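# Structural overview
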Amino acid sequence: MSPKGNDDPWLDARQQRAWLAYIRVQLRLSYEINRQLQTDSDLSMPDYDVLTALANAPGERMQMTALANQIGWERSRTGHHVRRMATRGLVDARTSSTDRRATEVTLTAQGRELLEKAAPGHVELVRGLFFDGLPAELLTPLTEAMENIYANILERGTLPPP
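So, here is what we can say about the structure in this document. (Residues numbered from 1 in each chain as written. Predicted model: local features only at pLDDT ≥ 70, side-chain atom pairs only at ≥ 80, totals over all residues. Heavy atoms only, no water.)

### Some details on the overall build of the protein chain
If you tally the helices and strands in the protein chain, you get six helices and three strands. The N-to-C order of helical and strand elements in the protein chain reads α-α-β-α-α-β-β-α-α. Viewed in the frame of its principal axes, the protein chain has a C-alpha envelope of about 50 × 40 × 25 Å. Expressed as a percentage of its 162 residues, the buried residues of the protein chain come to 27%. Once local pairs closer than 6 in sequence are excluded, the contacts in the protein chain between residues at least 24 apart make up 52%. A total accessible area of about 11300 Å² is found for the protein chain, and carbon and sulfur atoms account for 54% of it. Treating the 19 positive side-chain charges of the protein chain as one cloud and the 21 negative ones as another, the clouds have centres 5 Å apart. (Helix = DSSP H or I, 4+ residues; strand = E, 2+ residues; numbered from the N terminus. Buried < 20%, exposed > 50% of the residue type's maximum accessible area, 1.4 Å probe, protein only. Contact = heavy atoms within 4.5 Å. Areas by Shrake-Rupley, 256 points an atom, 1.4 Å probe, with all protein chains shown as cover. Lys, Arg positive; Asp, Glu negative; His and termini not counted. Charge placed at Lys NZ, Arg CZ, Asp CG, Glu CD.)

Take a look at the structure:
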């Protein structure tokens with residue numbers, strides 16, 4: 001039995017409509033964002049996710065595990081991606097001075113500069129594709145719904161919370 005008490009293995013019509021709408025939006029939005037970042041800044045969406053997480057972290061640095069949890073990736077994927085970004089000079093990854101077992105990832109000046117260059121085009125695209133298609137009166141309900149879904153994922157999912 002599911003946690004909500006529903007034994008039906010299929011989504012009902014309303015659930016299926018909502019799920020398919022979400023999937024269509026998520027896939028298309030990801031494609032458009034990735035294309036825009038690549039074209040304008042030679043960044044991928046995963047690059048942007050890492051740079052943004054580091055830019056918002058205290059001291060623009062995070063332990064690798066915390067970074068992985070923040071962006072919702074497995075640690076191994078994060079480690080491979082961070083190494084590729086480090087070879088491009090966007091981040092620095094070193095053994096932590098406070099915990100020799102941990103790797104600390106730091107945003108470099110070059111990474112910050114590229115993020116600052118990429119942000120205006122990214123924001124313009126997000127506004128144009130996402131917010132311009134959302135009636136103002138639905139912004140708060142959508143935000144609350146997404147926050148509830150995210151909290152449920154953190155509670156029931158397998159990846160540690162950020």
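### A few points about the sheet that holds strand β2 (residues 91-95)
Read from one edge to the other, the open sheet built from three strands follows the order β1-β3-β2, with strand pairing classed as antiparallel. Because the sheet does not close on itself, it has two edges, and the strands there are β1 (61-63) and β2. Across the sheet, the mean angle separating the axes of adjacent strands is 20° when strand polarity is ignored. In the sheet, β1 pairs with strand β3 (residues 103-107) via three bridges, with the strands oriented antiparallel. Bridging across to β3, Q63 finds its partner in E104. The strands that helix α2 (residues 45-55) touches are β1, β2 and β3; relative to β3, the one it contacts most, it runs at about 90°. Of the strands in this sheet, β2 and β3 touch helix α4 (residues 75-87), which is tilted by about 120° from β2. (Pairing = 2+ DSSP bridges. Axes fitted to C-alpha atoms, helices over the stretch in contact; angles between N-to-C directions.)

### Observations regarding the packing of aromatic side chains
All chains considered together, the criterion is met by two aromatic pairs. Taking the centre distance of 5.5 Å and the plane angle of 35° together, the rings of W19 and Y22 count as tilted. Taken as a pair, W19 and Y22 lie in helix α1 (residues 13-41) at a separation of three residues, close to a single helical turn. Measuring from centroid to centroid gives 5.0 Å for F130 and F131, while their planes differ by 75°, and the two rings are edge-to-face. Look at F131 and you get partly exposed, because its relative accessible area is 39%. R77 extends its terminal NZ or CZ atom over the ring of W73, reaching a point 3.9 Å from the ring centre. (Phe/Tyr/Trp six-rings, centres within 6.5 Å; stacked < 30°, edge-to-face > 60°. Lys NZ or Arg CZ within 6 Å of the ring centre and 35° of its normal.)

### Some details on the pattern of salt bridges
Tallied over the full model, the rule gives seven salt bridges. As a salt-bridge pair, E32 and R35 come within 3.5 Å of each other at their nearest N and O atoms. One end of the pair, E32, and the other, R35, are both in helix α1, three residues apart, so they sit about a helical turn from each other. Judged by its relative accessible area of 24%, E32 is partly exposed. Between E104 and R61 there is a salt bridge, with its nearest N and O atoms 3.0 Å apart. Of this pair, E104 sits in strand β3 while R61 is found in strand β1, placing the two residues 43 residues apart along the sequence. A single salt-bridge network, built from bridges that share partners, covers E60, R112 and E116. (Salt bridge = Lys/Arg side-chain N within 4 Å of Asp/Glu carboxyl O.)

### Re the nonpolar core
Counting 25 residues, the largest nonpolar core has L43, V50, L51, L54, L67, V91 and V105 as its most contacted members. By residue number, the principal contributor to this core is α2, which donates six residues. When sequence neighbours within four positions are dropped, the list of residues in contact with V91 reads V50, L51, L54, V82, M85, A86, V105, T106 and T108. (Core = buried A, V, L, I, M, F, W, Y, C linked by side-chain atoms within 4.5 Å.)

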